[in-house]
Amino acid sequence: MVLLLLPVAAFAQFRVTGTVTSADNSAPLPGVTIRVKGTTTGTASDASGKYALEVPDGNTATLVFSFTGYEEKEVPVANQHTVNLTMSMSSTQLNEFVAIGYGTVKKSDVTGAIGTINSEKLMDRPSVPNVSQALEGKLPGVDVNVNSNAPGQAAKIRIRGIASISSNLDPLFVVDGVVGVPPNTINPNDIESIQVLKDASSEAIYGARGSNGIIMVTTKRGKAGPPTISYEGNVNVSTLSRHLKTLNSEQFIDVYNEAYKNGQKFDPLGEVQTPPKALNHENFPLLFDENDNPLYNTNWESETYKPAVSTNHYLILQGGNDKSLYSLSLGFQDQNGLMIESWYKRYSVRFTMDNDINSWLKIGGDIAFNKDKQRMVSDANGGLNVPRMVTEEVPILPVKYPDGIWAGNFDIDGLEGGPNPVDIAHNRYGLNNTQQTLGSVYLLFHLTKDLDFKTDFGYGVASNKSNFYSSMNLQHLSADQGGVATSSSGQAYYWQSESYLTWNKQISEQQRLTALLGVSWLENYSESVNAEGQDFVDDFFQWHNLNAGAVKQAIGTSDGKRTMNSYYARLMYNIAEKYMVTATGRYDGSSVFGENNKYAFFPSIGAAWRISSEDFLKDNKTISDLKLRASYGAAGNQEIGNYRSLATIIAGNTVLGGENQSILVPDRLGNPDLKWEKSIQADVGIELGLFENRVSLEADYYNKRTKNLLLQAPIPWSAGMGTPYVYKNVGSVRNAGIEISLSTTNIQTKNVTWTTDFAFASNKNTILKLNEGNADIFPGPNFLGETNVLRVGYPIGSFYGMTRLGTYGSDEAAEADEHGLKPGDRKYIYNEDGSPYYSIIGRAYPKWTGVFSTKLTVKNWDLSANIRFVQGVNTAATFKHSSEDRQTIANSLTTVLDGWTEDHQNTMISQVRNYKFAQDSHFDTWWVEDGSFIRGQNFVLGYTFPESTLSKMKMSKLRFYVSVDNLFIITKYTGYDPEVDTYMTGYGDSPAFSQNLDFFPYPRPRVWTLGASVKF
C-alpha cells in the first residue's frame, strides 16, 4: 500500500490562488504573467486580477510576477495557498534598462541624451512598411522625411541637423550588437525597443561612425514561461489625399488657342502664329466629333493613382525557461502602391536562441532572412516619367484608342511627345529582387562574480538583381533605341568581430564601478556586374535575353572592400545613485582614409546629478525625479566611397592606327592626408518627474561643431582627370538647438486612462567655414541653373535663386524692354548693371518641429491621435516650370488661368504664348513656397476583449482596431505634399541638397487600416 501511494505523493500538486492589484489605485491588474521560477509552468491574471496555479512544491516554489510597465516581483510560495500581490509601476522608468552600446544601463544612471521607444509606441501606426517610417514623429531631434511614397522605399532620418556636405548623413543602425544593418531589412514587428543615441557621451562608443547619431535596435527574443504565439495582421487601403488641378479638355483647348494668338505679340518679327494643325475634327477625327467638340476629357490623375489594397502579417512564437529562451517569427508584407503597377513584397523569418549552459557560460545567437521584390514605375527624374506625365498629358487624349493602341501627346503635332502615364506604368519599369541573410552568435563567459567576457561574431550576406525594361513603343523614351533592357547583379558580404571585458564592481555600499574594454574588426566587400541591350524585334524578351537586342552596350563590373579596426573603453562610476560619471574613448582605423591619417581617437565624458536622491528632496511629494546631466566629446564620420584617398585609373578606348584600342587613363587624384570628419558636441539636459512621475519632462540644449568637412574640391579640367574634383578636409558647420519632451498621465482610474505626449525640437544650422577665402559653393542639384548655395553664415540647404516681383504691366513696357521683355512677361529684381540678381530665397530644413500625441482608454476601448508640426521651412515647387511655363507643348495646371491678360495684370503668372517664344524659366521665389505644415499623422480606435471572454476562447489577447494615416494636412504649399525629395542622390554624393525639391513626386497617400492583434 505504501508503494502504491508513492507515485501519488511524488506527483501531488500544490494549488495557489490570489489577486494582483496596482499599488497606484488598488485596481485589479488583468494580464499579469505569473510563472513558477525555473519551469515553463505559468498562467495570467483574469479581468478581476485573479489567478490560479498548480505548483510542484509548495515549500520551495517561487512565483515570478511580470507585467509591462510594472516592476517584476518574485514571491516564495512558502506553503501558502493564497498569494496576493500589489505591483508598483516601474516609474518608467527609472528602473528601465536602455541599450547604450556594448551593454545596458538603468535609465536613471544615463549621463547622455538617449531617446527610447518601446514596441507598442513604435507600432502605433500599424500600416508603416519599415522601421525608418515608423520612427517619424516619435522623438525630438530625430527628423524623419518620407520623401518617396513608392512601395518599399525607406525614409530619410536626420539626427540633430545636417553635419556634413559630401558624406553620408544617415544614422548608424546597430541591431542586437551588429553594426551597420540596413534599416529596410528589419521587420518593424520584430523590434522590442529602440534607443537613439544623440549626444557625444553616448555616440563616442562608436567613434568614427557615430556623428550622425546611433539607432540601437533590440529585437524580440524568447521569454521564460509557457510558449506563446502572437499574431499581428492588417489590411489597408491607400487613397490619394490631395490633388493637383490640371486643365480639362475645354480649358486646354482655350488656353492652347489663346497661346498661339498671343504669339504674335512676343514674336520679334510680329508674325501671326498658328498651330501646326488646328485642334478639330478635320485634323484629328479620333479626338473630336463633327462639331469639333473633344471626344475625351481624361483625368490622368484618377487614371494613374488608384486606391490600392495592401496586407501585412506577422507571427511570433516565444518561450523558454530560466536556462533557455527561444523565438521564431515569420512576416509577410504585400504593399501595393497608389501609382498603378507599383508594388513591393517582403518575406521575413527570424530565429533567436539564448542558453545558459552552466553558471559560467552563456551562448546564443540569431539569424534572419529577408526576401524582397519591388516593382518600380517612377524613374528618370526630370524625364518623361509617370508622375510628370500625369500633369503634362493633354486631357483630349484617351488612355487607349478603340483599336487598343495607346494614345500619347505625340499624336498631336507640336506637342512634346510623351507617352501617357498609364502606358509608361505598364511598359517601363524596374524589378528589384533582394535576398539578405543577417545573423550573429555570441559567447558570454562569467569569469568571476564581477567580470564578464563576451565575444560575438556578426555577419551579413546580400544579393540583389535589378532588371529594367522600357518598351520599344514608348515614344521619346525608348522607341528610338528599339527598346532598352538592363540587368545588374550584385553581392555584398559583411562580417564583424567584437570582443570585450565588462567589470561590474560594487566597491562599497555607496559606490559602483562599471568598466568596459574591447576590440573590434569588420570588413565589407561588394561586387556587381551590369549589362544592357537595345533594338529588340519584340517586347517579349526584355531583360530575360539581352542577346535578343541587336545593340549590346558595354558590360560593366565593379568591386570594392573596406575594413575597420577599433579599440574602445568606457568607465561608468556611480556614487550613492546620486552622482554618475561616464568616460568613453574609441580609437578607430579605417581603410578609406589617407595613409597619413588612418587612425583617430574619439573621447567623451558625461556626468549626471540625480538631485531627487538628495536628502532635501528624497521624500518630496511633488518632485518624484530630478536629474541634471552634461556631456562633451567627439564622434566621427567616415561614410565616403571606397578608395577616395587614392589616385585611381580607369579603362578607356581610343583609336590608334585606325583601330579601336583599350587604354588606361587617369581618373582621380589621391589625397594621402584625407582624414575623418569630427563632430565636437556639448550637451546639457534636465529630467524632471512630478507627482509620482505622472508628469515627466526632459529637455536638452546641444551645440555640435563638425570640422574637417569632407568636400569635393573642384580641380581644373586641364588636369586631365576623369573625376573633376578631389576629396579634401575643409570647412566646418555648427548645429545648435533645443529638444523638449513632455509626457503626462492626466487621468488614471480603474476604467479610464488618459495620457498625452508632446515633443518639440529646434535646430539652427550654420556654415562656419568653407574653402580658402570662404567662397560660395554651388553643390547642385541644378534645375535651370543653381538651386542651392553653401555660404558662410547660412544653413546647409539654402535655396538660391531669383526674386519674382510679378509681371510687367502695360505701363511698364519701357522697363520691360530694358531686359528684352514685354508687358505680360515675368518681372524680376535685377542688379544695377542689368544682370539677374540672385540671393538666398528659402531653406530646405525647418526651424522647429513638434508632435502632439494623446491616448484615451475607457474600459476596453482605446482612442489615440498623433499630430505633427513642421514650421519655418520652404519647399521648391520646381514642377511649376513644366506646368505653368510650357503652353502649346503640354498640359498645364489650372493656375495658368490666372495668367496675365490686358484686363488682369496683377498676377505672378506670365501671359500664355506658344512655347517658341516662352520666357526663360528661373528657379525663383514663386517656386519656393512656404513648406510648413500640420499633419494629422495617425488616428487609431481599438477594442481589446476582456479576460472573461478570452478565457473562454483560450486566448490571452484579442484586439481589433481601425486607423487612418495622413488624415489631413494644413499647409500653404500647392504641391501634393511639402515633405518631398524627387532628386534623392541622383546629383552628387550627398542627399543634403535635394531635400524639398519637388519635381513631380510619387504622391503621399491617405491610408485606412483594419487590423487585429491575437495572442495565445
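Small disclaimer: the values here were computed from a predicted structure and weren't measured.

J.: So what exactly am I meant to see when it comes to the overall build of the protein here?
T.: Each helix and strand in the protein was counted, giving 11 helices and 51 strands. Expected size for 1016 residues packed as a compact globule is a radius of gyration near 31 Å; at 32 Å, the protein falls within 12% of this value. Considering only C-alpha atoms, the protein reaches an extent of 120 × 65 × 60 Å along its principal axes. Across the 1016 residues of the protein, 52% fall into the buried class. Look at the contacts in the protein between residues 6 or more apart in sequence, and 69% of them connect residues 24 or more apart. For the protein, the computed accessible surface area is about 43,300 Å², with 56% contributed by carbon and sulfur atoms. Where the 88 positive side-chain charges of the protein centre and where its 106 negative ones centre are 9 Å apart.

J.: Is there a simple way to think about the side chain of Ser-329 in this case?
T.: Relative to the elements of secondary structure, Ser-329 occurs in strand S19 (residues 324-336). For Ser-329, the side chain forms a polar contact with the side chain of Asp-190, separated by 2.8 Å. Not counting chain neighbours up to four residues away, the residues in contact with Ser-329 comprise Asp-190, Tyr-314, Leu-315, Ile-316, Ser-348, Val-349 and Arg-350.

J.: Looking at this model, I keep getting lost on the UniProt feature "domain: TonB-dependent receptor plug" (unreviewed entry) in the protein. Mind explaining?
T.: In the numbering adopted here, UniProt assigns the feature "domain: TonB-dependent receptor plug" (unreviewed entry) to residues 107-214. Summarising residues 107-214: 11% helix, 25% strand, and an end-to-end C-alpha distance of 17 Å.

J.: Explanation requested: helix H5 (residues 249-266) in the structure shown.
T.: An α-helix turns once per 3.6 residues; consequently, residues spaced three or four apart project the same way. With 18 residues, H5 extends 26 Å from end C-alpha to end C-alpha; this agrees with the ideal 26 Å at 1.5 Å per step. When we look at burial in H5, the residues that qualify are Ser-249, Phe-252, Ile-253, Val-255, Tyr-256, Ala-259, Tyr-260, Asn-262, Gly-263 and Phe-266. The N-terminus of H5 is capped by Asn-248, whose side-chain oxygen sits 3.2 Å from the backbone nitrogen of Glu-250.

J.: I would appreciate a short explanation of the side chain of Asp-965 in the present structure.
T.: By secondary structure assignment, the location of Asp-965 is in strand S49 (residues 957-965). Residue contacts for Asp-965: discarding those within four places in its chain leaves Arg-125, Ser-127, Gly-936, Gln-937, Asn-938, Pro-1005, Arg-1006 and Val-1007.

J.: Explain the pattern of salt bridges to me, please; I cannot follow it from the model alone.
T.: Opposite charge on two side chains lets them pair, provided their charged atoms get close. Under the defined criterion, the tally for this structure stands at 46 salt bridges. Glu-698 is the salt-bridge partner of Lys-107, the closest N and O atoms lying 4.0 Å from each other. Residue Lys-107 is found in the loop between strand S9 (104-106) and strand S10 (114-118), and its partner Glu-698 is found in strand S34 (residues 695-707); the two are separated by 591 residues along the sequence. Salt bridges sharing common partners tie together Lys-107, Arg-160, Lys-198, Lys-627, Arg-629, Asp-683, Glu-687, Glu-698, Asp-700 and Glu-739.

J.: Teacher, can you tell me more about a positive patch on the surface here?
T.: Judged by side-chain charge, Lys-675, Arg-705, Lys-707, Arg-734, Lys-764 and Lys-769 come together as a positively charged surface patch. Looking at the positive patch, the elements with two or more residues in it are S34 and strand S38 (752-769).

J.: Explain the nonpolar core to me, please; I cannot follow it from the model alone.
T.: In a soluble, globular protein the nonpolar side chains are often hidden away together inside. Core analysis: the largest hydrophobic core is formed by 80 residues, its most contacted members being Leu-279, Ile-412 and Ile-796. At the level of elements, H5, helix H7 (386-392), helix H8 (421-427) and strand S22 (428-446) are the ones that each hand at least two residues to this core. The greatest single-element share of this core, amounting to 6 residues, is contributed by H5. Setting aside residues up to four positions removed in sequence, Ile-412 forms contacts with Leu-279, Phe-284, Leu-287, Val-394, Ile-396 and Leu-397. Counting 59 residues, the second largest nonpolar core, distinct from the first, contains Leu-135, Tyr-500, Val-592 and Ala-634.

J.: What am I meant to see in the confidence of the model for the protein here?
T.: Should pLDDT be low for a region, the predicted coordinates there are not to be read in detail. For the protein, the mean per-residue pLDDT works out to 90, and 96% of the residues sit at or above 70. Across residues 1-11, confidence stays below pLDDT 50; counting only partners more than four residues off in sequence or on other chains, it has 0 contacts.

J.: Whenever I open this one, the sheet that holds strand S2 (residues 33-36) confuses me. Can you help?
T.: Sheets are built from strands that pair by backbone hydrogen bonding, the pairs being arranged parallel or antiparallel. Taken in spatial order, the 4 strands of this open sheet run S3-S2-S5-S6, and their pairing is antiparallel. Among the strands making up the open sheet, the edge pair consists of strand S3 (42-44) and strand S6 (73-76). Within this sheet the neighbouring strands show an average axis-to-axis angle of 20°, counted without direction. Note: strand S5 (residues 62-66) against S6, 4 bridges, orientation antiparallel. Bridge pairing links Val-64 to Glu-74 in S6.

J.: Looking at this model, I keep getting lost on the sheet that holds strand S7 (residues 85-87). Mind explaining?
T.: Read from one edge to the other, the open sheet built from 3 strands follows the order S4-S1-S7, with strand pairing classed as mixed. Among the strands making up the open sheet, the edge pair consists of strand S4 (50-55) and S7. Strand-to-strand twist across the sheet, computed as the mean angle between neighbouring axes with direction ignored, equals 35°. Direction of pairing for strand S1 (residues 14-22) relative to S4: antiparallel, over a ladder of 6 bridges. Bridge pairing links Gly-18 to Tyr-51 in S4.

J.: Looking at this structure, I do not really get the UniProt feature "domain: TonB-dependent receptor-like beta-barrel" (unreviewed entry) in the protein. What am I missing?
T.: Residues annotated by UniProt as "domain: TonB-dependent receptor-like beta-barrel" (unreviewed entry) correspond here to residues 423-814. End-to-end, the C-alpha atoms of residues 423-814 are 48 Å apart, and along that stretch the chain is 2% helix and 64% strand.

J.: Sorry if this is basic, but what is going on with the packing of aromatic side chains here?
T.: Remark: the centre distance and the inter-plane angle together describe each pair of aromatic rings, the angle taken between the planes. Counted according to the given criterion, the structure contains 30 aromatic pairs. Residues Phe-252 and Tyr-256 carry aromatic rings whose centres are separated by 5.6 Å and whose planes lie at 40° to one another, so their mutual orientation is tilted. Taken together, the residues span about one helical turn, with Phe-252 and Tyr-256 both in helix H5 at a distance of 4 residues. The exposure classification of Phe-252 matches that of Tyr-256, with both residues buried. Both rings, one in Phe-760 and one in Trp-848, keep their centres 5.6 Å apart while their planes meet at 35°; by these two values the pair is tilted. You can see Phe-760 sitting in strand S38 and its partner Trp-848 sitting in strand S44 (residues 848-858), a full 88 residues away along the chain. With relative accessibility at 32%, the residue Trp-848 sits in the partly exposed group. Here the aromatic cluster, defined as three or more aromatic residues joined through ring pairs, consists of Phe-783, Phe-799, Phe-879, Phe-923, Trp-927, Phe-999 and Phe-1000.

J.: How should I be thinking about the pairing of strand S28 (residues 579-590) in this particular structure?
T.: Regular strands place side chains that alternate from one sheet face to the opposite one. Sheet analysis places strand S27 (residues 556-575) next to S28, joined by 12 bridges and oriented antiparallel. Pairing of Asn-574 across the sheet is with Met-580, part of S28. Two successive antiparallel strands, S27 and S28, enclose a turn made up of 3 residues, where Ala-576 displays a positive phi of approximately 60°.

J.: Sorry if this is basic, but what is going on with unusual backbone geometry here?
T.: Following Gly-780, the chain continues into Pro-781 via a peptide bond in cis, with omega recorded as 0°. Secondary-structure assignment places Pro-781 in the loop between S38 and strand S39 (788-789).

J.: Hey, could you run me through the environment of Pro-419 in this one?
T.: With respect to the helices and strands, the residue Pro-419 is situated in the loop between H7 and H8. With a relative accessible area of 0%, Pro-419 lands in the buried category. With 11 residues separating them along the chain, Pro-419 and Gly-408 place their C-alpha atoms 4.5 Å apart. If near-sequence neighbours (up to four positions away) are discounted, Pro-419 is found in contact with Met-389, Glu-393, Gly-408, Phe-410, Ile-424, Leu-474, Gln-475 and Leu-477.

The rules behind these values
- Residues numbered from 1 in each chain as written.
- Predicted model: local features only at pLDDT ≥ 70, side-chain atom pairs only at ≥ 80, totals over all residues.
- Heavy atoms only, no water.
- Helix = DSSP H or I, 4+ residues; strand = E, 2+ residues; numbered from the N terminus.
- Rg over C-alpha atoms; globule rule 2.2 N^0.38 Å.
- Buried < 20%, exposed > 50% of the residue type's maximum accessible area, 1.4 Å probe, protein only.
- Contact = heavy atoms within 4.5 Å.
- Areas by Shrake-Rupley, 256 points an atom, 1.4 Å probe, with all protein chains shown as cover.
- Lys, Arg positive; Asp, Glu negative; His and termini not counted.
- Charge placed at Lys NZ, Arg CZ, Asp CG, Glu CD.
- Polar contact = N/O pair within 3.5 Å; in protein donor to acceptor, adjacent residues only side chain to side chain.
- UniProt positions renumbered as here; feature names shortened; annotations may be inferred.
- Expected span 1.5 Å × (residues − 1).
- Salt bridge = Lys/Arg side-chain N within 4 Å of Asp/Glu carboxyl O.
- Patch = residues over 30% accessible without salt bridge, like charges linked within 9 Å, V, L, I, M, F, W, Y side chains within 5 Å.
- Core = buried A, V, L, I, M, F, W, Y, C linked by side-chain atoms within 4.5 Å.
- pLDDT = per-residue confidence, 0-100.
- Pairing = 2+ DSSP bridges.
- Axes fitted to C-alpha atoms, helices over the stretch in contact; angles between N-to-C directions.
- Phe/Tyr/Trp six-rings, centres within 6.5 Å; stacked < 30°, edge-to-face > 60°.

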